[in-house]
Amino acid sequence: VRVVAAKTLAAAGTLVFVLVFNFFLFRVAGNPIALLVRDNPHATPAEIQRIIALRGLNKNYLTQFVIYARQTLSGNLGTSFETGQPVSSMIAAALPNTLILVGSATFLATIIGCWLGVYAAAHRSTRKDTTVVQSSLFFYAMPDFWLGMILIFLFAVALKIFPSGGYESIPATGSTGSRILDVAQHALLPVITLTLGILGQYVVIMRASVAEVLQEDFITTARAIGLPGHRVLNRATRNAILPFVALSAINFGYVLSGAVVVETLFSWPGMGLLTDNAVNNLDYPTLQGVFLVASAAVIICNLVADLAYAFLDPRVRTK
Amino acid sequence: VKHVIGRAGIVGLTLVLASALAFEVFSARSPQARASTVSTVWRMGYLDQIDQNANIFSASEDITYFIFTEVYDIPLNPSLATTLPSTRYSPVSRYVLSDQGKTITYYLRPHLRWSDGKPLTSADFVWSWEHNQYGVSSEYTAALKSIKALSPTEVVVHLKHYDARLLADFIPILPEHIWGKLSNTQLLTYDPCCPIVGSGPFYVKSLNPNGTTVLLPNPYFYGPRGHIKEILLIHYDDPNAALRDLELGNLDAVFHGLTTWLPALRHYPHIRLWAGPGYGFDEVAFNMCPPHGSPICTRPSPSVHVDVVQNLAIRQALQWAINRAALAKQVYNGLAAPATGLISNAYTPLGYYTNFKNDPSIDYRYDPAKSLEVLHAGGWRCPPLNSGGVCMRHGVPAEFTLMLRSADLQEEQEGLRVQSWARAVGIKINIEVTSDDAIDTAIDTYSNSSNPKDRYKYEPSYDAFLWDWNGGDPQSPDYDMDQLQCGSSYADSMWCNQRYTALTNEALQERNFHKRVALLHEAEKLELYYSPYVLTVYSPYIFVTRTDTWHGYRRSPAGFGWPFGMSWEQLQLIQPGRPVTDHYLGAPIVVLGAAALTGLFVGLGRLRRRRLERMPLETDEDAGVTPP
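Residues numbered from 1 in each chain as written. Chains lettered and ligands numbered in written order. Predicted model: local features only at pLDDT ≥ 70, side-chain atom pairs only at ≥ 80, totals over all residues. Heavy atoms only, no water.

Caption draft 1: Layout of the overall build of chain A. Scanning chain A for helices and strands turns up 14 helices and zero strands. What you see in chain A, going N to C, is helices and strands ordered as α-α-α-α-α-α-α-α-α-α-α-α-α-α. Here the C-alpha coordinates of chain A stretch approximately 85 × 60 × 35 Å along the principal axes. By the burial criterion, 52% of the 319 residues in chain A qualify as buried. Across chain A, the fraction of contacts at a sequence separation of at least 24, relative to all contacts at a separation of at least 6, is 73%. Total accessible area on chain A stands at roughly 14700 Å², and carbon and sulfur atoms take up 69% of it. (Helix = DSSP H or I, 4+ residues; strand = E, 2+ residues; numbered from the N terminus. Buried < 20%, exposed > 50% of the residue type's maximum accessible area, 1.4 Å probe, protein only. Contact = heavy atoms within 4.5 Å. Areas by Shrake-Rupley, 256 points an atom, 1.4 Å probe, with all protein chains shown as cover.)

Caption draft 2: Examining the overall build of chain B more closely. Per the secondary structure count, chain B includes 19 helices and 22 strands. By its C-alpha atoms, chain B is 100 × 80 × 50 Å across when sized along the principal axes. Taken over 628 residues, chain B has a buried fraction of 57%. Taking all contacts inside chain B whose residues are at least 6 apart in sequence as the whole, residues at least 24 apart take part in 69%. With an accessible surface of roughly 25300 Å², chain B has 54% of that area assigned to carbon and sulfur atoms. Across chain B, the centroid of the 53 positively charged side chains sits 6 Å from that of the 62 negatively charged ones. (Lys, Arg positive; Asp, Glu negative; His and termini not counted. Charge placed at Lys NZ, Arg CZ, Asp CG, Glu CD.)

Caption draft 3: Structural context of a nonpolar patch on the surface. A surface patch of nonpolar side chains, amounting to about 640 Å² of accessible area, comprises Trp 115 of chain A together with Leu 597, Leu 600, Phe 601, Leu 604 and Leu 607 of chain B. Looking at the nonpolar patch, the element that brings in the most residues is helix α19 (residues 586-614) of chain B, giving five residues. Looking at where Phe 601 of chain B falls in the secondary structure, it is placed in helix α19. (Patch = residues over 30% accessible without salt bridge, like charges linked within 9 Å, V, L, I, M, F, W, Y side chains within 5 Å. Salt bridge = Lys/Arg side-chain N within 4 Å of Asp/Glu carboxyl O.)

Caption draft 4: Focus on the side chain of Asn 22 of chain A. Residue and element names in this part refer to chain A. Along the polypeptide, Asn 22 turns up in helix α1 (residues 2-29). On the basis of relative accessibility, which here comes to 3%, the residue Asn 22 falls in the buried class. A polar contact of 2.9 Å, which involves the side chain of Asn 22, links it to the backbone oxygen of Gln 288. Leave out the neighbours within four places in its chain, and Asn 22 touches Tyr 68, Gln 288, Phe 291 and Leu 292. (Polar contact = N/O pair within 3.5 Å; in protein donor to acceptor, adjacent residues only side chain to side chain.)

Caption draft 5: Looking closely at helix α3 (residues 45-54) of chain A. Residues and elements named next belong to chain A. Three or more residues of α3 are buried, namely Glu 47, Ile 48, Ile 51 and Ile 52. Looking straight down α3, one finds that the buried residues subtend no more than 145° of arc, so they occupy a single side. Gly 56 sits one or two positions beyond α3 and adopts a positive phi of about 75°. (Arc of directions from axis to C-beta.)

Caption draft 6: Broad picture of the pattern of salt bridges. Scanning the entire structure with this criterion turns up 16 salt bridges over all chains. Across the pair Arg 179 of chain A and Glu 168 of chain A runs a salt bridge, and its minimum N-O distance is 3.2 Å. Of this pair, Arg 179 of chain A sits in helix α8 (residues 176-213) while Glu 168 of chain A sits in the loop between α7 (144-158) and α8, and the two are 11 residues apart along the sequence. Among the salt bridges present, the one from Asp 548 of chain B reaches Arg 546 of chain B, with a minimum N-O distance of 2.8 Å. A residue is classified by how much of its surface remains accessible, and Asp 548 of chain B, at 12% relative accessible area, is buried.

Caption draft 7: Layout of the sheet that holds strand β2 (residues 92-98) of chain B. All names here are of chain B. Ordered in space as β2-β3-β5-β4, the four strands form an open sheet in which the pairing is antiparallel. The outermost strands of the open sheet, each flanked by one partner alone, are β2 and β4 (144-151). Taking each pair of neighbouring strands and ignoring which way they run, the sheet shows an average axis angle of 15°. Both β2 and strand β3 (residues 103-108) contribute to a ladder of six bridges, which runs antiparallel. Bridged to Val 96 within β3 is Thr 105. Packed onto the sheet, helix α4 (residues 122-131) meets β2, β3, β4 and β5 (154-159) and runs at close to 170° relative to β4. (Pairing = 2+ DSSP bridges. Axes fitted to C-alpha atoms, helices over the stretch in contact; angles between N-to-C directions.)

Caption draft 8: Representation of a positive patch on the surface within the structure. On the surface, a cluster of positive charge is contributed by Arg 231, Arg 235 and Arg 238 of chain A together with Arg 609 of chain B. The dominant element in the positive patch, judged by the number of residues it contributes, is helix α10 (residues 229-255) of chain A, at three residues. With respect to the helices and strands, Arg 231 of chain A occurs in helix α10.

Caption draft 9: The arrangement of the confidence of the model for chain B in detail. For chain B, per-residue confidence averages 88 on the pLDDT scale, and residues scoring 70 or more make up 91% of the total. Note that residues 29-35 of chain B has pLDDT below 50 and, in this model, 14 contacts with residues that lie over four places away or in other chains. (pLDDT = per-residue confidence, 0-100.)

Caption draft 10: Examining the sheet that holds strand β16 (residues 428-434) of chain B more closely. Residues and elements named next belong to chain B. Read from one edge to the other, the open sheet built from five strands follows the order β16-β15-β17-β11-β18, with strand pairing classed as mixed. Of all the strands in the sheet, just β16 and β18 (533-535) have a single pairing partner and so form its edges. Strand-to-strand twist across the sheet, computed as the mean angle between neighbouring axes with direction ignored, equals 30°.

Caption draft 11: Representation of the state of the cysteines within the structure. Residue and element names in this part refer to chain B. Summed over all chains, the structure comprises four disulfides over all chains. With its sulfur 2.1 Å from that of its partner, Cys 289 forms a disulfide with Cys 297. Of note, the bridge from Cys 289 to Cys 297 carries an S-S torsion of about 110° and is right-handed in sense. Its relative accessible area of 0% is what places Cys 289 among the buried residues. Take Cys 297: its relative accessible area is 1%, and that puts it in the buried class. Disulfide pairing places Cys 382 opposite Cys 391 at an S-S distance of 2.1 Å. (Disulfide = S-S within 2.5 Å.)

Caption draft 12: Molecular detail of the nonpolar core. Formed by 162 residues in total, the largest nonpolar core has its most connected members in Trp 42 and Ile 427 of chain B. Core analysis: the next-biggest nonpolar cluster, separate from the first, contains 25 residues, Met 206, Val 232, Ala 236 and Phe 244 of chain A among them. (Core = buried A, V, L, I, M, F, W, Y, C linked by side-chain atoms within 4.5 Å.)

Caption draft 13: Main features of the side chain of Asp 237 of chain B. Summarising the element assignment, Asp 237 of chain B is placed in the loop between β8 (230-235) and α7 (239-247). Buried and unpaired, Asp 237 of chain B has Arg 244 of chain B as its nearest opposite-charge partner, separated by 12 Å. Excluding its chain neighbours within four sequence positions, the residues that come into contact with Asp 237 of chain B are Thr 264, Leu 273, Asp 276, Asn 277 and Asn 280 of chain A.

Caption draft 14: Structural view of unusual backbone geometry. Residues and elements named next belong to chain B. In the segment running from Cys 194 into Pro 195, the intervening peptide bond is cis, with an omega of 5°. Structurally, Pro 195 can be placed in the loop between α6 (186-189) and β6 (202-206). Geometrically, the link from Ser 556 to Pro 557 is a cis peptide bond, its omega value of 0° lying close to zero. Within the fold, Pro 557 resides in the loop between β21 (550-551) and α18 (569-573). Its identity as a non-glycine residue notwithstanding, Asp 99 has a phi of 55°, on the positive side. Looking at where Asp 99 falls in the secondary structure, it is placed in the loop between β2 and β3. If you check the backbone angles, His 256 has positive phi at about 55° while not being a glycine.

Caption draft 15: Looking closely at the environment of Val 204 of chain A. Checked against the element boundaries, Val 204 of chain A lands in helix α8. Residues Val 204 of chain A and Ile 150 of chain A, 54 residues apart in the sequence, show an inter-C-alpha distance of 24 Å.

Caption draft 16: Fine view of the environment of Ala 369 of chain B. Within the fold, Ala 369 of chain B resides in helix α12 (residues 368-377). Along the chain, Ala 369 of chain B and Ala 321 of chain B lie 48 residues apart, while their C-alpha atoms are 8.3 Å from each other.

Caption draft 17: Inspection of the packing of aromatic side chains at higher detail. All names here are of chain B. Evaluated as defined, the whole model comprises 52 aromatic pairs over all chains. Taking the centre distance of 6.3 Å and the plane angle of 55° together, the rings of Tyr 279 and Trp 562 count as tilted. A residue pair is termed long-range when its members are at least 10 positions apart, and Tyr 279 in the loop between β10 (271-276) and β11 (281-286) and Trp 562 in the loop between β21 and α18 qualify at 283 residues. Like Tyr 279, the residue Trp 562 is buried in the burial classification. Against the face of Tyr 162 rests Arg 511, its NZ or CZ located 5.7 Å from the ring centre. (Phe/Tyr/Trp six-rings, centres within 6.5 Å; stacked < 30°, edge-to-face > 60°. Lys NZ or Arg CZ within 6 Å of the ring centre and 35° of its normal.)

Caption draft 18: A look at the environment of Leu 80 of chain B. All names here are of chain B. Its location among the elements puts Leu 80 in the loop between α3 (62-71) and β2. Taking the C-alpha atoms as reference, Leu 80 lies 9.0 Å from Trp 568; in sequence the two are 488 residues apart. Among all residues touching Leu 80, those that are not within four sequence positions of it are Arg 554, Arg 555, Ser 556, Pro 557, Ala 558, Ser 567, Glu 569, Gln 570 and Leu 573.

The following block contains the structure:
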């Protein structure tokens, strides 16, 4: 209980830091007042001043921060300067799309990466090992936008077997089943892009971890008592899973921040696209909201990973 | 399950499920494609973002104004042929100007209705114009003295003075029964969606700034019916994604595309690129804040190269040194036009534009020798043309910094060419590629002056920057001219010339068109002479349409202008073609492939497990690896 409390407290402290940092980070990035003036050439100076006051931009930073902190703590993420919509509703609309895309990719990368890592470790120093590791690192090293463009060119433009982007067909109608399949069809290329992009790190971590465990005495003992190869490998995998769990947990935290490049490339209306639009428009409230949600997700997932560590490895609990 | 039906059963079941899914996907074709042999839905991609919930009081993006054009009426909608105010398809059937143009009486069509069925009357008109002052287009009704409804179809407007823009300005008639419930402050933040009620041919059914926005026909529309049953506006963050979807038939049009698309689109016979005229211009703006200050600034920041950028000979020399025709051709694929004055060639059909080619003092054609001559006359000692040297005057080199926006690659290209041409005549330009925001900040740096009068004045810290101005209206160039007036909050060069200000103000209140044009041209010449802005090109608005799904687009103004977005009448006139189906085989292939792979892995796994059970795992020693 003490461990859980300490870790939760540390996570809460980090979140408070993020809350403060979040506010000042975007103020350093730019000045939305100038943009407001230039974007409204037919507004009188008096009207511009009224809008500035309405958005609270005429107040000093300290006052703005107090308002921001009070609103955020009461669950109000403010209103977007650009769209005029509540930031929470914009995030609520984008989040499920990102979960579909980045969540699926992270899930697939975790499963496939784990399996390939174990496979490579079981065949270490062989051609199979080299092939698996090198090919996954090849995709890992390739920029997401480049990989995505290649997939779009191949499957959407040349073969025309997948849509080139978007979340669903336009106009989107039909039965629920066909709409789900339609979304899945649209998600496939970006999911493949993301999965291939992040697969490498899972493969490498899992391979290294399993290979290390395979050197342990208990593995030798297991072999000595005549356990079948796949059972020995199962035991090694279970003991090698800790670094993998940590990586997966952190990556699942990043899921909520979206994938800016891939979502933009495939016009996928998720958190990444929302962030990109907000950056382009110096939309402070949206940026603050998105970063807060993303940071909170990473912090919570880290906390879960820490707790999972303690659950999976009794030595951590003892310490 | 495995024990009940066995492995073969699992594989078989998977295949059956996969086939069922594949069939479902096959049958999940576009409803548009299934339902009709002609297009009924018009799908337009756009790259900006619909802003402020499409609230007319606070929105400013072009795409949002496209929606307003379809949803709202102004009293006198623009004529399709000329873009000038017309009664042909407008809520106002007749209007009378009297009292030296200071009184306008509008007569509304009888029995007008909003898209929600409520009657549209003169009370709506009066409320809308009275409350325009609370929105971001407040300048439009600056001349308004009073407005009154004389009857349900009659409105009289009294002005402080005649305003040449007023009849054409976009001051829409709004439904008072919706907006009238709000306080003046709430008008800016109100979410009118959805539906967004108007009197135009469409109303907004749903709005998603990051996705797809849907417009449906207004059942109570007074004008001609079009063929479009649904408009879908689809947001793209990546221009190439929009272009790709257009090529693949997932879009029918793209609003405000890029000139760089032209070469790629030449290979697509079903796609047409339209270069609509731009009502503004690209310009190199110089820091003209006088050392003693002006109504808008206190002084230039000490870091500014005042002796260079505020030297008339330098600016005029640059005017002669720039090859505008080459800029238009090389940077904009020939779709832009060389800029010759503040009034764009887009105003040619209205009679405003002139290129001053008969005026030798301000016809700034490309002439490096003339440029050098101007520098010499201005007291600069310059090396020969193309020698790579820099002109000097009183020990000061002709050198300054030009800020360019990193977000606009074409402006960057423009800036680099300007740098090269300037260097050829002995003016050294240091390029600083930066964000829009950095330029904004350099312009709008508030003064440190302790004088209370200077509280909201600037102390601009830039030498020069290159960007564009799109403030112009299709019906009148006044908004382009206004921004250089003394004290204008948009006077980003901080130039202040009383004569210029007086001329543009006089032009605005002049009822005689020819006199008005003459006044504007006189002001334009002043700007060309002093050159606070060195204009480069009139960059175009790009529209891209498919020609097979919908056709019959009509430019406005006729033969010259935009194919849509200028008047709602344009979309009412387009004709449906064959819909392009979106039918992908990818999902069935993947589903069947996944099923096959599942079967394969199950089989291989079983074989492998049997093999592993027969033989122990290979040890390091067996593999020849020495343990550490």
